[in-house]
Amino acid sequence: MTQEPKITAALIYDFDGTLAPGNMQEYDFIPAVGQSNREFWNDANSLAEEQDADMTLTYMAKMLEAARSRKLSLRREAFQESGRNIRLFPGVKEWFGRINAYGAGRGIDVQHYINSSGIKEILEGTDIAREFKNIYASSFLYDDEGAAYWPAVGVNYTNKTQFIYKINKGVESVSDTKLVNQYLEEEKRPVQFKHMIFIGDGTTDIPCMRLVKSQGGHSIAVYNPAHQGSFEAMRKLIDEGRATYVCPADYTEGGEIDKLVKTIIDKIYTDNKIKLMAESLRVNRKCEE
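Residues numbered from 1 in each chain as written. Predicted model: local features only at pLDDT ≥ 70, side-chain atom pairs only at ≥ 80, totals over all residues. Heavy atoms only, no water.

Colleague: So what exactly am I meant to see when it comes to the overall build of the protein chain here?
Modeller: Counting its regular elements, the protein chain contains 10 helices and seven strands. Its C-alpha atoms give the protein chain a radius of gyration of 21 Å, within 12% of the compact-globule value 19 Å for 289 residues. Dimensions of the protein chain, computed from the C-alpha atoms along their principal axes, are close to 80 × 45 × 35 Å. With 289 residues in all, the protein chain has 48% of them scored as buried. Within the protein chain, the 42 negative side-chain charges are centred at a point lying 5 Å from the centre of the 36 positive side-chain charges. (Helix = DSSP H or I, 4+ residues; strand = E, 2+ residues; numbered from the N terminus. Rg over C-alpha atoms; globule rule 2.2 N^0.38 Å. Buried < 20%, exposed > 50% of the residue type's maximum accessible area, 1.4 Å probe, protein only. Lys, Arg positive; Asp, Glu negative; His and termini not counted. Charge placed at Lys NZ, Arg CZ, Asp CG, Glu CD.)

The structure is reproduced here in structure tokens:
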């Protein structure tokens, strides 16, 4: 039998509405600048419409403007402190260790990534930041005094897909444009598409869901069971061929998404066993000839 190579599987998550209810800015930042959630997002979206601008960049501009007007700190540490107040969906904190162990039992190295339009610095302050191999998200540039003054990266619903390709080819740098575009056979890439699971909650995740699904991976749409009608909205993604499964955003052991992801890991393991058996049979037949 051909020796089994180590398989790397990637679980790639959106964050807002996927691992935590609501938007990350709504837990601490927006209350600190004296606005309601509705006021802040209406201002940011209205600016995008007036200037025909990207909504991610306008909300980041409004964050800087609002913080300056209130004389709040714009240091990276202040954003990280904001992340510590985020409330996660049930079971999220225990999820990573459990899924890692399950994969390891089948010879699969499970890696976790964030792919979000939210703020990377806020995500860095969450209790689960250490669980991710990389966090791809919007971020700020900082001046010599350590204060944010301009967007460094703006992640919107379409350019999120670039990070799927970076994970596929093992490119960690956001600024890299060379390695990610170099040709490499899919079977030789660090994380093959068929070994990816993308988990998201809405329309901003559709391009990533569609990409992963079309390349042989798995896309899971999650919904907040506390919000009426959220299941129907996510079910539509399956009907349209954009996602493969719909689950409530409950990551506790024995829950729907727990069982589903473990089953997908089993499938990755079994598919690889079948592939190795087929290769071994071909080798044996050649030897007999």
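Having seen the model, we can carry on.
Colleague: Is there a simple way to think about the environment of Ile128 in this case?
Modeller: Residue position: Ile128 is located in the loop between helix H6 (120–124) and strand S3 (134–142). Once the C-alpha coordinates of Ile128 and His112 are considered, the two residues, 16 residues apart in sequence, prove to be 11 Å apart. If we skip the residues at most four places from it in the chain, Ile128 touches Phe15, Leu19, Leu88, Val92, Lys93 and Phe96. (Contact = heavy atoms within 4.5 Å.)

Colleague: Looking at this model, I keep getting lost on the side chain of Lys160. Mind explaining?
Modeller: With respect to the secondary-structure elements, Lys160 resides in the loop between strand S4 (148–153) and helix H7 (161–169). Classification of Lys160 as buried rests on a relative accessible area of 0%. Side chain to side chain, Lys160 and Asp205 meet in a polar contact 2.6 Å long. Beyond its immediate stretch of four places on either side in the chain, Lys160 contacts Asp14, Asn115, Ser116, Ser117, Val155, Thr204, Asp205 and Cys208. (Polar contact = N/O pair within 3.5 Å; in protein donor to acceptor, adjacent residues only side chain to side chain.)

Colleague: Looking at this structure, I do not really get the confidence of the model for the protein chain. What am I missing?
Modeller: Segments scoring low in pLDDT should not have their predicted coordinates read at a detailed level. With 96% of its residues at a pLDDT of at least 70, the protein chain reaches an overall mean of 92. In the model of the protein chain, helix H9 (residues 230–239) stands out as the element of lowest mean pLDDT, 78, in contrast to H6, which has the highest, 98. (pLDDT = per-residue confidence, 0-100.)

Colleague: Please explain the nonpolar core as it appears in this structure.
Modeller: As a rule of thumb, soluble globular proteins bury nonpolar side chains together. Grouped together as the largest cluster of nonpolar side chains are 56 residues, with contacts concentrated most on Phe15, Ile220 and Tyr251. Sequence-distant contacts of Phe15, defined by excluding residues within four places in its chain, comprise Ala20, Met24, Ile86, Leu88, Ile114, Ser116, Leu123, Thr126 and Ile128. Tyr113, Val153, Phe193 and Cys208 belong to the second-largest nonpolar core, a separate cluster that totals 24 residues. (Core = buried A, V, L, I, M, F, W, Y, C linked by side-chain atoms within 4.5 Å.)

Colleague: What am I meant to see in the pattern of salt bridges here?
Modeller: Where charged atoms of side chains with opposite charge meet at close range, the side chains can pair. Evaluated as defined, the whole model comprises 16 salt bridges. In this structure, the salt-bridge partner of Glu186 is Arg189, at a minimum N-O distance of 3.5 Å. Lys275 is the partner of Glu187 in a salt bridge, and the nearest nitrogen-oxygen pair spans 2.8 Å. Of this pair, Glu187 sits in the loop between H7 and strand S5 (196–200) while Lys275 sits in helix H10 (residues 256–288), and the two are 88 residues apart along the sequence. Ionic contacts of the salt-bridge type, sharing partners, join the residues Asp14, Lys160 and Asp205 into one network. (Salt bridge = Lys/Arg side-chain N within 4 Å of Asp/Glu carboxyl O.)

Colleague: What is the right way to look at the packing of aromatic side chains in this model?
Modeller: Across all of its chains, the model carries 12 aromatic pairs by this definition. Ring centres 6.1 Å apart and planes at 75° place the aromatic pair Tyr13 and Phe132 in the edge-to-face group. Of this pair, Tyr13 sits in strand S1 (residues 7–13) while Phe132 sits in the loop between H6 and S3, placing them 119 residues apart in sequence. Here Trp41 and Tyr59 contribute two aromatic rings whose centre-to-centre distance is 5.6 Å and whose plane-to-plane angle is 65°, an arrangement assigned as edge-to-face. Taken together, the residues span a long stretch of sequence, with Trp41 in helix H2 (residues 37–51) and Tyr59 in helix H3 (residues 55–69) at a distance of 18 residues. Of the two residues, Trp41 and Tyr59, both sit in the buried class. In this structure an aromatic cluster arises from ring pairing among Phe29, Phe40, Trp41 and Tyr59. (Phe/Tyr/Trp six-rings, centres within 6.5 Å; stacked < 30°, edge-to-face > 60°.)

Colleague: I'm lost on the packing of H7 against helix H8 (residues 206–214) in this one. Help?
Modeller: For any two helices packed against each other, one specifies the crossing angle of their axes together with the interaxial distance. In contact at an axis separation of 9 Å, H7 and H8 are set at 35° when each is read in the N-to-C sense. Mapping the contact onto sequence places Thr161, Ile164 and Tyr165 in H7 and Pro207, Cys208, Leu211 and Val212 in H8. (Axes fitted to C-alpha atoms, helices over the stretch in contact; angles between N-to-C directions.)

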